[in-house]
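# Descriptive structure summary
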Amino acid sequence: MVSIGIPVPRFSGLTVDASEECLKSLIDMIDHSMKLGLRINIIPRPVGRGLHVAKNHTNLADNLEGDWLLVIGSDHSFGPDALALLIDGATDDDGNVVHHIIGGITSSRMEPYRLIAYKLDPSGKSYMPVRPHIDFTEADCIYGTVKSEPGLATGSGFCLYHRTVFDVVPYPWFDGGTRLMDLGNYGPDIRICAEAALRGLSIAIHYGVMYLHHEPQPIHPARYIHWINRNPLYWMAEIHQLNNEGTTEEAVQHVVREWNKVQKAREEAIAKGDAEEKQWLEGHVKKEQKEDDARSDDHDAAANQN
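The shown structure was predicted, so the numbers you read here are calculated from the model rather than taken from an experiment.

## Points about the sheet that holds strand β10 (residues 146–148)
Here we have 7 strands laid out as an open sheet, ordered β3-β1-β5-β12-β7-β13-β10, and mixed in their pairing. Two strands lie at the open edges of the sheet, namely β3 (40–42) and β10, each paired on one side alone. Sheet twist, expressed as the average angle between the axes of neighbouring strands with direction ignored, equals 20°. As paired elements, strand β1 (residues 2–5) and β3 share 3 bridges and run parallel to each other. From the neighbouring strand, Ser3 faces β3, where its bridge partner is Asn41.

## Quick look at the pairing of β1
Where burial is concerned, the two faces of β1 agree: the one with Val2 and Ile4 and the one with Ser3 and Gly5 are both buried. Of the pairings in the sheet, the one linking β1 to strand β5 (residues 68–72) comprises 4 bridges and is parallel in character. When the bridges of β5 are listed, Ile4 appears paired with Leu70.

## Considerations on the environment of Asp81
When you line up the elements, Asp81 lands in the loop between β6 (76–77) and α3 (82–90). Under the relative-accessibility criterion, Asp81 is labelled partly exposed at 34%. Along the sequence, Asp81 and Asp28 sit 53 residues apart, while their C-alpha atoms lie 8.8 Å from each other.

About the cut-offs
- Residues numbered from 1 in each chain as written.
- Predicted model: local features only at pLDDT ≥ 70, side-chain atom pairs only at ≥ 80, totals over all residues.
- Heavy atoms only, no water.
- Pairing = 2+ DSSP bridges.
- Helix = DSSP H or I, 4+ residues; strand = E, 2+ residues; numbered from the N terminus.
- Axes fitted to C-alpha atoms, helices over the stretch in contact; angles between N-to-C directions.
- Buried < 20%, exposed > 50% of the residue type's maximum accessible area, 1.4 Å probe, protein only.

Below you can see the structure in the form of structure tokens.
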């Protein structure tokens, strides 16, 4: 049996519920899953509603019935087969559990876009988003590759937890734990992955399960991948935006080297006569120059006023 819960925030004087897109996706997914023979238990939404995000998640786990807990973000939509794909990716052909936490991928709602799926950086003290072309490829998304390696962590926007996680991770499962200070401002979903990994459990990312963010518009992971390929400054911005107290110069240079590989491949494609790519690149350079000139003019105007 799979218990499904949606944690939703509650604010003073404001009642928040799951989005229409989320609820419609949930209905379609349950119908599809039950046709495959999966037993479903829906946790009442008030159980996961509260002021404290980590407590909302823990309350859902407290109401787990069966072997699996599927946590779904209230502002996500997903495919009818998403749950079946996660269960298939988390178990072997005999039905044995091989991954105790497994999540799909989505991107953040706003720029700078990033995937809500993480891995430890080379310092081993800070998490950074998994990166297209480096940590996974387009083929992984198309063919639904499931990847598990030390240091992975997945967001809880569409994440499946086996009950073993709640047997071995100290209560309250999502709320802090022994590595709270190490993890800085990372949320309860990353914390529980870190706690589970410390106890020998397996965390996996299913690159074939893509779910969308809605607020105010759906952001498909493909849009994120497209955007990151077009912006060479993203790599450095990402390094500095995260909680990077433990990030080393070696880690930064690794990112720079990997970006240079991608950029070199694009330049080689242009040299071979990729007219469309060349046209885009020329237009992009002109656009950036125009934006830089506008910012410079604004700066000069502000300086003159002072």
